[in-house]
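Each chain is listed here by its residues.
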Amino acid sequence: MSVTRFTLCAAALLSAACSTPPSPLRIAAAADLRYALEDVVKTFHQQHGGVRIESTYGSSGMFYAQLVNHAPFDLYLSADVQYPRKLAEQGLTLPGSDFTYADGRIVLWTGNGSGVDVERLGMDALSLASVRHIAIANPAHAPYGRAAEAAIRSLGIYDAVKDKLVMGENISQTFQMAQSGAAEVGIVALSLAIAPGAAGQGHYWEVPRSAYPRIEQGGAILKWTKNPEAGQALRAFLLAPEGRAILKRYGFSGE
Amino acid sequence: MEWQALWLSLRLSCWTTLILLAIGLPAAHWLTFSPRRWKFLVEAVVALPLVLPPTVLGFYILLAIGPHSPAGRLYATLTGGMLPFSFQGLLVASVLYSLPFAVQPFASGFAAVDGRLIEASWCLGVSRTATFFRVIAPLSIPSIVTGMILSFAHTLGEFGVVLMVGGNLAGITRTVSISIFDDVQSLNYAAAMHTSLALLGISFVVLAATYGLRRRVWAAWPMN
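Worth saying up front: this structure is predicted, and the values here are computed from it rather than measured.

1. Let's talk about the overall build of chain B
The number of helices and strands found in chain B is 11 helices and 0 strands. Along chain B, from the amino end to the carboxyl end, the secondary structure elements read α-α-α-α-α-α-α-α-α-α-α. With respect to the principal axes defined by its C-alpha atoms, chain B has extents near 65 × 55 × 30 Å. A burial count over chain B gives 37% of its 224 residues as buried.

Below you can see the structure in the form of C-alpha cells.
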C-alpha cells in the first residue's frame, strides 16, 4: 500500500516536473485599472481559456523605470501614452504593438461627511470657504493631475484656489486624501469614484470633458515576452467592442 | 537641486529629534524601571511603527489628525489651523514614526546602568528625578546619542508617511525624499541623482561628526 502510494506520488511529481506549465502572462498595469482589468481578465478567460494572467498594479512611471531595466512583464498598460511610446522609441517593445486603449475621466469627489454638495455646485465647490484643501495628483508626472490642473485653469479659478491644492503621488493616493476627509474635495479618476470599494462613501460630479485635454491611456507588449500570442490576444480584446464596453462600465471612455 | 526640500527635511529631522528626546527619555525611563506587569504591552505599542508599512501608518495618521477625528477637531479649536498638509502635522507623524528608534536605544541604555549606583544615589537622599539626571542619564550618554542619531536619520529618509500626511507642498511638506521621488517619476533622473548625492553627503557628514564626537579619545589614529 505504502509502496503503491509512493509510486503514485513519484509519478505525479515526475509528470508535474516534465510538463512545465505555460508561462503566465504578466501585466504591469496602472493603479486606476485595478477593478476594470480584473473584469477584463475574467471575461477574456471565459473566451480564450488557457493562459494564466498575473496583474501587478502600480504607478506607470515606476513601471517605466523598471521596464527600461527589463522587468519581466509581458504587457504594459500605462495611465499615459508617453511611457509606452518612449519604450517603443528605445526598441523595448514588439514593433507596432503600442496602442491606446482608453481615455481616463476626472470627477470632483467628496466624502459623505464633508457637507459639500459637489453634485449641485460643480466646479464652484472648489471656491467654497469650507473647502480648505483640494487633493489632486501631482501634475508634474501624473496624467490625472495634469488634467485636474487644466480643468481648474480652464475655469479661470486657478489663482483663487492654488493655495488649497495638495498633491498625491498617484491617483489612488490622492483619492485616499479625500476619503480620509483631510482634503474636503479630491479631483480623482471616475474609475476610482465608482469602484466597488468606494461606492456609497461619497458623491461625485464629473468634470466636463471639454475642460481638460484627453487622458489617453496607452500600452505596449514588451520585446522580451515569452508569450506574444497571449499578449496580442489580450491587446486585441481590449481594443474590441467587448473589452471597450467593460472599460466603459468602470469609468473609462474609448473612441 | 532642491535646496528648499533639503532644508525642510533637516528642520523636520531636528525638531523630531528634539521632541523625541523630550518624550522618549521619560517614556524609556518608565519602560525600564516601572514595576507594572503589563508594561510589555506598552513596549509592543511603541515598537508598532516598525511593523506597519509607512503608507498605511500615514493613512491612519491622516485619519487620526484629520478634521473628522477628535484630535483634529481639538487642534482646530485650539489653533484655528489643521494638522494634515502642514509642517506641524508632518512633525506629529514623524514623531510617531520614529518613536521606537528613540525609545528602544534609550531604554536599553538605562537598563545597562548598574542598579547599585542608582540605589546608592537614592540612599544618599537624592530624589528620583535628580538621580535620573545625575546618575542614569550621564551613564547612558552613548545610548541617548545613538537614539537621537537614529531618529534624525530615520526622519531624514522618511518617505511613505510624509507622502500620505504631507500633500507635497513646496517649502511646507515637500521633503527631500519626496522631491527625489518626484524627479524620478518625472524621469528627471539627473536632478534626482544630484539631490540624492547632496542628501548622501550631508547625511554622511552629520553621522560621521556625531559618531566622531562620541569617541572618548579624539585622534585620527590609535595612540597606544
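2. Some remarks on the overall build of chain A
If you tally the helices and strands in chain A, you get 11 helices and 10 strands. Judged by the C-alpha coordinates and their principal axes, chain A covers about 80 × 45 × 35 Å. A total of 255 residues make up chain A; the buried ones form 47% of that total. Taking the intrachain contacts of chain A between residues at least 6 apart in sequence as the baseline, contacts between residues at least 24 apart amount to 78%.

3. Examining the sheet that holds strand S4 (residues 99-104) of chain A
Residue and element names in this part refer to chain A. Judged by pairing direction, the sheet is mixed, and its 5 strands sit side by side in the order S2-S1-S3-S10-S4 without closing on themselves. If you trace the sheet from one side to the other, it starts and ends with strand S2 (53-58) and S4, each paired once. For this sheet, the mean angle separating the axes of adjacent strands, direction not counted, is 20°. In the sheet, strand S1 (residues 25-30) pairs with strand S3 (residues 75-77) via 3 bridges, with the strands oriented parallel. In the strand pairing of S3, Ala 28 is matched with Tyr 76. Against the sheet, helix H3 (residues 60-68) touches S1, S2 and S3, its axis set at about 135° to S1.

4. With respect to the pairing of strand S6 (residues 134-137) of chain A
Residues and elements named next belong to chain A. The alternating pattern of S6 places Ile 134 and Ile 136 on one face and Ala 135 and Ala 137 on the opposite face, and all of these are buried. Pairing analysis gives 4 bridges linking S6 to strand S7 (residues 165-168), with the strands arranged parallel. Within S7, the position partnered with Ile 136 by the bridge is Met 167. With 2 bridges connecting them, S6 and strand S8 (residues 185-189) associate as parallel partners. Among the inter-strand pairings, Ile 134 is bridged to a residue of S8, identified as Val 185.

5. Some details on the environment of A:Tyr57
Residue and element names in this part refer to chain A. Residue position: Tyr 57 is located in strand S2. For Tyr 57, a count of 17 C-beta atoms within 10 Å corresponds to the partly exposed category. When the C-alpha atoms of Tyr 57 and Gln 232 are compared, they prove to be 20 Å apart, with 175 residues separating the residues in sequence. In this structure, Tyr 57 is in contact with Ala 29, Ala 31, Leu 33 and Arg 34, ignoring residues within four places of it in sequence.

6. Describing the interface of chain A and chain B
Chain A puts 18 residues into the contact, and the matching count from chain B is 19 residues. Of all the elements in the fold, those that place two or more residues in the side of chain A that touches chain B are H3, S7 and helix H8 (171-179) of chain A. Here the element with the most residues in the side of chain A that touches chain B is H8(A); it accounts for 3 residues. In the side of chain A that touches chain B, the residues fall into 6 nonpolar, 10 polar and 2 charged.

7. Some points on the domain arrangement of chain A
Residue and element names in this part refer to chain A. Along its sequence, chain A is carved into domain 1 (22-103 + 216-249) and domain 2 (106-206). The partner domain 2 presents 10 residues to the 8 residues of domain 1 that form the contact. Split by residue class, the side of domain 1 that touches domain 2 holds 4 nonpolar, 2 polar and 2 charged.

8. A closer look at the nonpolar core
Core analysis: the biggest nonpolar cluster contains 83 residues, and A:Ile106, A:Val185 and A:Val188 have the highest contact counts within it. Counting residues per element, this core draws most heavily on helix H5 (residues 87-111) of chain B, which supplies 13 residues. Residue contacts for A:Ile106: discarding those within four places in its chain leaves A:Tyr144, A:Ala147, A:Ala148, A:Ala151, A:Ile187, A:Val188, A:Ala189, A:Leu190, A:Val207 and A:Tyr212. Core analysis: the next-biggest nonpolar cluster, separate from the first, contains 34 residues, A:Ala29, A:Val40, A:Tyr76 and A:Ile221 among them.

9. Thoughts on the packing of helix H3 (residues 54-65) of chain B against H5(B)
Residues and elements named next belong to chain B. Where H3 contacts H5, the two axes come as close as 11 Å, and the packing angle between them is 130°. Here H3 is positioned oblique relative to H5, judged by the angle of their axes. In this structure, H3 meets H5 at a crossing whose hand is right-handed. Where H3 approaches H5, its residues Pro 54, Leu 57, Gly 58, Ile 61 and Ile 65 are matched on the opposing element by Gly 89, Val 92, Ala 93, Leu 96 and Tyr 97.

10. Considerations on the sheet that holds S6(A)
Residue and element names in this part refer to chain A. Pairing is mixed in the open sheet, where 5 strands are placed in the order S7-S6-S8-S5-S9. Since the sheet does not close on itself, it has two edges, and those belong to S7 and strand S9 (202-206), each with one partner. When the angles between neighbouring strand axes are averaged without regard to direction, this sheet yields 30°. Along the sheet, helix H6 (residues 143-154) contacts strand S5 (106-111), S6, S7 and S8; its crossing angle with S6, the most-contacted strand, is approximately 130°. Seen against the sheet, H8 touches S5, S6, S7 and S8 and runs at an angle of roughly 150° to S8.

Cut-offs applied
- Residues numbered from 1 in each chain as written.
- Chains lettered and ligands numbered in written order.
- Predicted model: local features only at pLDDT ≥ 70, side-chain atom pairs only at ≥ 80, totals over all residues.
- Helix = DSSP H or I, 4+ residues; strand = E, 2+ residues; numbered from the N terminus.
- Buried ≥ 20, exposed ≤ 12 C-beta atoms within 10 Å, placed from the backbone.
- Contact = placed C-beta atoms within 7 Å.
- Pairing = 2+ DSSP bridges.
- Axes fitted to C-alpha atoms, helices over the stretch in contact; angles between N-to-C directions.
- Nonpolar A, V, L, I, M, F, W, Y, C, P; charged D, E, K, R; others polar.
- Domains from an automatic or database assignment.
- Core = buried A, V, L, I, M, F, W, Y, C linked by C-beta atoms within 7 Å.
- Parallel < 35°, antiparallel > 145°, perpendicular 65-115°, else oblique.
- Left-handed = near helix turned anticlockwise from the far one by under 90°.

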